[in-house]
Amino acid sequence: MPRYLSLVKIDEASAPAEGPSPELMQRMGELIEEITKAGVMLDTAGLTPSAQGTRVHWEGGELSVTDGPFTEAKEVVGGYAIMQCKDRAEALEWTKRFLKVHEPFWTVTCEVREIAEG
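Worth saying up front: this structure is predicted, and the values here are computed from it rather than measured.

Basis of the calculations
Residues numbered from 1 in each chain as written. Predicted model: local features only at pLDDT ≥ 70, side-chain atom pairs only at ≥ 80, totals over all residues. Heavy atoms only, no water. Pairing = 2+ DSSP bridges. Helix = DSSP H or I, 4+ residues; strand = E, 2+ residues; numbered from the N terminus. Axes fitted to C-alpha atoms, helices over the stretch in contact; angles between N-to-C directions. Core = buried A, V, L, I, M, F, W, Y, C linked by side-chain atoms within 4.5 Å. Buried < 20%, exposed > 50% of the residue type's maximum accessible area, 1.4 Å probe, protein only. Contact = heavy atoms within 4.5 Å. Patch = residues over 30% accessible without salt bridge, like charges linked within 9 Å, V, L, I, M, F, W, Y side chains within 5 Å. Areas by Shrake-Rupley, 256 points an atom, 1.4 Å probe, with all protein chains shown as cover. Salt bridge = Lys/Arg side-chain N within 4 Å of Asp/Glu carboxyl O.

Asks: Is there a simple way to explain the sheet that holds strand β6 (residues 108-114) in this structure?
Replies: Pairing is antiparallel in the open sheet, where four strands are placed in the order β2-β5-β1-β6. The sheet is open, and its two borders are formed by β2 (41-46) and β6, each paired with just one other strand. Each neighbouring strand pair of the sheet contributes to a mean axis angle of 20°, computed without reference to strand direction. Bridge count between β2 and strand β5 (residues 75-84): five bridges; the pairing is antiparallel.

Written out as structure tokens, the structure reads:
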């Protein structure tokens, strides 16, 4: 069965400074437990804020290293999930359910891509 990566992108400017609410974390935990019991979830995690990250960039034969925060970024990767699904439609259904557990004030986008095998 194919594996899919869901990159969870958030707008850090509109996200609560204190992070996800306890209620959101509970709903997320329940859904992740369901996805895991269904044999779909292989790995998932949230990431620290982009201000704590570092970018390493290669261009024109030169490396550059930049510490966060990155002022030009509107959306940042806030987490990820790796799922093994029968097809893309199933991966999208689980992703839609994940997005719907968030409160309305969150701005969240998930980019779902099949992982190239071999």
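Asks: Can you help me understand the nonpolar core in this one?
Replies: Soluble globular proteins tend to pack their nonpolar side chains together in the buried interior. Met83, Cys85 and Trp94 are the most contacted members of the largest nonpolar core, which totals 22 residues. Those elements giving two or more residues to this core turn out to be β1 (3-11), α1 (22-37), β5, α2 (88-100) and β6. Broken down by element, this core gets its largest block of residues, four residues, from α1. Discounting chain neighbours no more than four positions away, the residues touching Met83 are Pro2, Arg3, Tyr4, Ser6, Val40, Met41, Leu42, Ala91, Trp94 and Thr95.

Asks: Is there a simple way to think about a nonpolar patch on the surface in this case?
Replies: Among the surface-exposed residues, Val56, Trp58, Leu63 and Val65 lie close enough to one another that they form a single nonpolar patch of about 490 Å² accessible area. Elements represented by at least two residues in the nonpolar patch include exactly β3 (54-59) and β4 (62-67). As for its position among the elements, Val65 is in strand β4. We classify Val65 as exposed; its relative accessible area is 58%.

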